[in-house]
Amino acid sequence: MDAEVSTSRAFSSRLRGALRLAQGAWSHAARLALDIALPTLCVACREPVSGEGVCAKCWAKLSFIAPPFCPRLGIPFVYDSGPGLLSMEAIANPPAYQRARAAVRYDDVARTLVHALKYQDRTDLAPAMGRWMARAGEELLREADVLVPVPLHWRRGWSRRYNQSGALARAIGRHSGVPVVRDALRRIRPTRQQIGLSRPQRTANVQGAFRVLPEQSHEIAGRRVVLVDDVLTSGATTDACARVLLRARAAQVDVLVFARVVDTHKAPI
C-alpha cells in the first residue's frame, strides 16, 4: 500500500513538473508572438523601438544630471565654483536627509517615463530607469546598507497593484547588490496627490503619514539607508520619510530618485 502511494505521489509530482514546463514554454511562445505582432513603441514619441522603451532620439533628449552639482541636494550648477559649495536651497532649507541624487532633470521625456511607469503598468521601464539611478547614486550606494522605497498607502497600492518606487528599488538592488527592505517604512494614512500643492501644503499633507513599525525597526536601526523614489519636487515626502527613519535610529539617510525638478529661473550659486 505504501509503495502504491509513493508511486502515485511520484507520478503526480512528475505530472505537475511537466505541466509547469508546458505552461512556461507556452507563456514564452505567447510573449514572443506578441512581440512580433506588436513591437515595443517608444513611450515618448510612439515610434517602434527595440529594448528599453525609449528610442535613441528621445534618449538623447533626456537631461542627465552630472557634476558640478550641489553636494547636499544634487541640484546641478551652471559652472563649477569649487568643492563643497552648497546651493541656496540647501543653505536656506537644509533637509533631514544627508544627500540627494537624481539621474535626470524632470523634463518632458522624463515626465513621460515616470507617468508610464506609475500609471500605465510599464514596469518594463524600471530596469533601465533603475540602472540610470544606480549610476547617478553610485557614491551613495557604495556606503549604503539598505534600500527603502517610499511606500504607498495600502489603498493606493491595491488600486495600482504595484509601487513604482519599489520597482525602481528592486532594479537598483539588482544592479548594486544593496538589499531592499520593503515593509519597514509604512504609509499609515492616505494623503492627497502632491501635484498642485504649494511647498507648505505639501509639507502639511505628509505630516504624520509615515511610520517605521516597532517590530521591524531592527531593519533600520544603525543602518545607512538610501530612500528611493521616482521624482523629487519640493522634497516634502522624502524629508518626512527621512525624519521617520532617523527617529527609528537609522545611522544616515540619503535619497536617490529617477528625476528631480530643477527651477531654471533660480540661478544656482
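Owing to the predicted nature of the structure, the values given are computational and were not obtained by experimental measurement.

1. Considerations on the overall build of the protein
In step 1: The helix and strand inventory of the protein stands at 10 helices and 6 strands.
In step 2: Within the protein, contacts between residues at least 6 apart in sequence are counted, and of these 74% link residues at least 24 apart.
In step 3: Approximately 15100 Å² of the protein is accessible, and the part contributed by carbon and sulfur atoms is 55%.

2. Points about the packing of aromatic side chains
In step 1: Per the counting criterion, the structure on display carries 3 aromatic pairs.
In step 2: Each ring, one from Trp59 and one from Phe64, has its centre 5.6 Å from the other, and the planes form 50°; the classification is tilted.
In step 3: The class for Phe64 is partly exposed, based on a relative accessible area of 32%.
In step 4: Ring pairing ties together the aromatic residues Trp59, Phe64, Trp132 and Phe258, which thus form one cluster.
In step 5: Over the aromatic face of Tyr106 sits the side chain of Arg111, whose NZ or CZ is 5.1 Å from the ring centroid.

3. Comments concerning the packing of helix α5 (residues 126–136) against helix α8 (residues 164–176)
In step 1: At a minimum axis separation of 8 Å, α5 and α8 run at an interaxial angle of 60°. One way to sum up the angle between α5 and α8 is to call them oblique. For the pair α5 and α8, the crossing hand works out as right-handed. Listed contacts from α8 to Ala126, Pro127, Met129, Gly130, Arg131, Met133 and Ala134 of α5 are Ala167, Leu168, Ala171, Ile172, Arg174 and His175.
In step 2: The residue inventory of the contact of α5 with α8, partitioned by class, reads 9 nonpolar, 2 polar and 2 charged.

4. Section: the pattern of salt bridges
In step 1: Using the criterion set out here, one finds 11 salt bridges in the structure.
In step 2: Of the charged contacts, one joins Glu139 and Arg99 as a salt bridge, the two residues approaching to 3.3 Å between their closest N and O atoms. Of the two residues, Glu139 sits in helix α6 (residues 138–143) while Arg99 sits in the loop between α3 (88–92) and β1 (100–105), which places them 40 residues apart along the sequence.
In step 3: Under the relative-accessibility criterion, Glu139 is labelled partly exposed at 34%.
In step 4: The salt bridge involving Asp124 is made with Arg122; its shortest N-O contact spans 2.7 Å.
In step 5: With a relative accessible area of 17%, Arg122 lands in the buried category.

5. Focus on unusual backbone geometry
In step 1: Residue Pro68 is bonded to the preceding Pro67 through a cis peptide linkage, with omega at 5°.
In step 2: For Pro68, the position within the fold is in the loop between α2 (56–61) and α3.
In step 3: Backbone geometry places Asp121, a non-glycine residue, at a positive phi of 60°.
In step 4: Tracing the backbone through its elements, the reader meets Asp121 in the loop between α4 (108–119) and α5.
In step 5: The phi torsion at Arg249 lies on the positive side, around 70°, for a residue other than glycine.
In step 6: The exposure class assigned to Arg249 is exposed, which follows from its relative accessible area of 58%.

6. Examining the side chain of Arg99
In step 1: Classification of Arg99 as buried rests on a relative accessible area of 11%.
In step 2: Excluding its chain neighbours within four sequence positions, the residues that come into contact with Arg99 are Pro71, Arg72, Glu139, Leu140, Glu143, Gln252, Val253, Asp254 and Val255.

7. With respect to the sheet that holds strand β2 (residues 146–149)
In step 1: Here 4 strands make up an open sheet; going across it, the order is β1-β6-β5-β2 and the pairing parallel. Each end of this open sheet is capped by a strand with a single partner; those strands are β1 and β2. For this sheet the average axis-to-axis angle between neighbouring strands, irrespective of direction, equals 20°.
In step 2: As defined by bridge partners, β2 adjoins strand β5 (residues 224–232) across 4 bridges and the pair is classed as parallel. In the strand pairing of β5, Val148 is matched with Leu227.
In step 3: Against the sheet, α4 touches β1, β5 and β6 (252–260), its axis set at about 110° to β6.

Each value, and the rule that gives it
Residues numbered from 1 in each chain as written. Predicted model: local features only at pLDDT ≥ 70, side-chain atom pairs only at ≥ 80, totals over all residues. Heavy atoms only, no water. Helix = DSSP H or I, 4+ residues; strand = E, 2+ residues; numbered from the N terminus. Contact = heavy atoms within 4.5 Å. Areas by Shrake-Rupley, 256 points an atom, 1.4 Å probe, with all protein chains shown as cover. Phe/Tyr/Trp six-rings, centres within 6.5 Å; stacked < 30°, edge-to-face > 60°. Buried < 20%, exposed > 50% of the residue type's maximum accessible area, 1.4 Å probe, protein only. Lys NZ or Arg CZ within 6 Å of the ring centre and 35° of its normal. Axes fitted to C-alpha atoms, helices over the stretch in contact; angles between N-to-C directions. Parallel < 35°, antiparallel > 145°, perpendicular 65-115°, else oblique. Left-handed = near helix turned anticlockwise from the far one by under 90°. Nonpolar A, V, L, I, M, F, W, Y, C, P; charged D, E, K, R; others polar. Salt bridge = Lys/Arg side-chain N within 4 Å of Asp/Glu carboxyl O. Pairing = 2+ DSSP bridges.

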